[in-house]
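Each chain, letter by letter, is given below.
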Amino acid sequence: MIRTAMKMLMGDRLKYTGLLLGIAFAALLIVQQASILVGLAHQTGSFIRDTGVADLWVMDDQVRFSQDSLPISDNTLLRVRGISGVDWAVPMYQGFLKSRLPDGTRKVVILVGIDDATLIGGPPGMVTGSLKDLRIDKAVIVKDDELETKFKMKRGGDRGLRVGDVMSINDQDAVIVGTYSAEKSFFWEPVVYTTYTRGLQYAPRERKLMNYVMVKLKPGTDLEEARAQIEKATGLRARTGDEFEQITADYILNETGILVNFGLAVFLGFVVGTLVAGQMLYNFTLDNLRYYGTLKAMGAGNMKLVGMVLAQAMVVAVLGYGLGLGAGSYLGKLVGDAGLAFRMPWQVPVFAGLAIVVCCLIAALISIRRVIQLEPAVVFRS
Amino acid sequence: MVTSSATAGTMNGQGATRKLAVHCKSVTKTYGAGGAKVTALRGIDLDIATGELMMLVGPSGCGKTTLISVIAGILDRDAGECTVFGVDFNTMSASAKTKFRGSNVGFVFQAFNLIPTLTAAENVAVPLMILGEGRSAAVKKGKEMLEKVGLGERYKSLPSQLSGGQQQRVAIARALVHEPRLIVCDEPTSALDHETGHVIMRLLKNVALKDDRALVIVTHDARIFGFADRIAKLDDGEVKSIQTPEEMNIGVAK
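For clarity, every value in this text was computed on a predicted model and none was experimentally measured. (Residues numbered from 1 in each chain as written. Chains lettered and ligands numbered in written order. Predicted model: local features only at pLDDT ≥ 70, side-chain atom pairs only at ≥ 80, totals over all residues. Heavy atoms only, no water.)

(A) Focus on the nonpolar core. Counting 129 residues, the largest nonpolar core has L295 of chain A together with L46, M55, F107 and L182 of chain B as its most contacted members. Ranked by residue count, the leading element in this core is helix α10 (residues 302-337) of chain A, at ten residues. If we ignore the near neighbours within four places in the chain, the residues touching L182 of chain B are V22, I71, V84, F85, N104, V105, G106, R213, A214 and V216 of chain B. Membership of the second largest hydrophobic core comes to 37 residues, among which are V86, V142, V215 and A226 of chain A. (Core = buried A, V, L, I, M, F, W, Y, C linked by side-chain atoms within 4.5 Å. Buried < 20%, exposed > 50% of the residue type's maximum accessible area, 1.4 Å probe, protein only. Helix = DSSP H or I, 4+ residues; strand = E, 2+ residues; numbered from the N terminus. Contact = heavy atoms within 4.5 Å.)

Written out as structure tokens, the structure reads:
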């Protein structure tokens, strides 16, 4: 009877296609919105991952996210270096500074100053030039794919920034000596790298300018023990890269409303999916009620008919989900190629699949109620 | 007042002793309640024997469809006795009733009720699949049954590709394929022209009707009365008379 149910389902191509597309649309909505949400959450941690060599980040205990530049004392570095088990510790400066491109275009940049001696904390890869070029006077490096976008000079020449161009940061010259590659960042402001010392020169004068100390532990050192010692010695917070990413993601998702908005979109996808699938499956069952009545009169029990409706619902759920997931993945590729946030870890398809199955089960249950309540005597009504 | 010219024991003037297929005594059925209460059957007495083609006739709303539904076990009576091959549906559980119906009752409907997305052979095979027979074996038997009703070459056709008469022949094949002992037909010819109606009735009379099987046909198509062994006239929920076509001065059709 299951094959009969399938033939009933797929026989009317128009209705079947409509049903599949409805469910595919719901799956697409859920997959796409959930993937964008995950993508955005992932992007919030891109800076931390890009500088992923440290075992611990030492920071002010009020830091809420990776670009929340709260100053800590310069002494922190020395205190951390003095703790047993610490292999090395380097300072990092980070701040939002005003800059001006050669044509006069004003722009706020995130200036990151990395350790002069070791250049630890730099971007994960260089496209043009070398990280060592940061030791050249007034040198900065910018992200390669932002030259023609965020560093586009629209006030003169209509061209992107190039290596060799001189921009100003906080009214001081900065020479572009190279370009780097890195993950797409959640933050709009471009990240410009320089050395720690030069970073402090660019920065407006403040009593304390260091923002982070990046710490590498010696092999075999107990992380928790080292963390406790660092926190005790500095009075600051020490977090692993993963923990720092989580702190950042939690803050941005919760404080910006992204989680609520995208969560709502995912929920709406589920609701729309349930309504669309429910309406279509219900209509499909209503259209076939006469035949279910005939089957009932001919001796098909309720369990058999329930099995048929459930099989129909599950088949459209699986196929519709497959179509929606395919379309979602393709859209994701397009969106990803355009540099927008889209990330689909295995949890997203699993979650979307379960959501669609639940959608269709709810829809099927509504239809099943009608089938169970159906009096077989209805077959004699013309 | 019921008048009957024959008993369940001796039918068709053949003098042969036949089994009682359907026995109804004082059957009543009411729909609704209070002011909306409608009494559809008011003490129906009716016996139908195996090998007999019984027609239930009468004006619209007289209770024909209700009676055939009670006889077929798809509607519960309120009171009275009604047995089909000695089985009283009212004493059975819903699932037992469904199972009994699946094995023992064949249905032919006015609007055919063929599943539009199944081929003719698949439609015919449905009762067998309901009874648990494998799909391929059921469809094979469906094809064989279609040959018996003269539609062997159209086994792959969808209902929409068949004429009304052909669809009704498929429906008859579906009603017969699982060898039921009772076949109930609701207005089997009313959607068909005169000639096709006669073809269908000949099929029901000559192929469907057997010594161990009874046929009950609800109709108000007077053109086919001649095919009946007996005709029960219903009015206002009561059997007013039971007569043979000869007694009604209707030519017997073959």
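Picking up after the structure, the text goes on.
(B) Quick peek at the packing of aromatic side chains. Evaluated as defined, the whole model comprises ten aromatic pairs over all chains. Measuring from ring centre to ring centre gives 5.4 Å for F89 of chain B and F100 of chain B, while their planes differ by 80°; the resulting arrangement is edge-to-face. You can see F89 of chain B sitting in the loop between β5 (87-88) and α2 (94-104) and its partner F100 of chain B sitting in helix α2, a full eleven residues away along the chain. Accessibility classification places F89 of chain B together with F100 of chain B in one group, the buried group. Three or more aromatic residues link up through ring pairs in this structure, and these residues are F47, W57, Y212 and F244 of chain A. Directly above the ring of Y155 of chain B sits K143 of chain B, whose terminal nitrogen or CZ lies 4.3 Å from the centroid. Just above the ring of F85 of chain B sits the side chain of R181 of chain B; from NZ or CZ to the centre is 4.2 Å. (Phe/Tyr/Trp six-rings, centres within 6.5 Å; stacked < 30°, edge-to-face > 60°. Lys NZ or Arg CZ within 6 Å of the ring centre and 35° of its normal.)

(C) Fine view of empty space enclosed by the protein. Residues and elements named next belong to chain A. Scanning the entire structure with this criterion turns up two cavities of 30 Å³ or more. Within this model, the largest cavity holds a volume of roughly 110 Å³. Contributing elements (two or more residues each) for the lining of the largest cavity: α3 (46-50) and β10 (191-195). Broken down by element, the lining of the largest cavity gets its largest block of residues, three residues, from α3. (1 Å grid on protein atoms, 1.4 Å probe; cavity = no way out; pocket = protein on both sides within 12 Å on 5 of 7 lines; lining within 4 Å. Points joined across faces, edges and corners; volume = space filled by probe spheres on them.)

In short, geometric facts, not functional conclusions.
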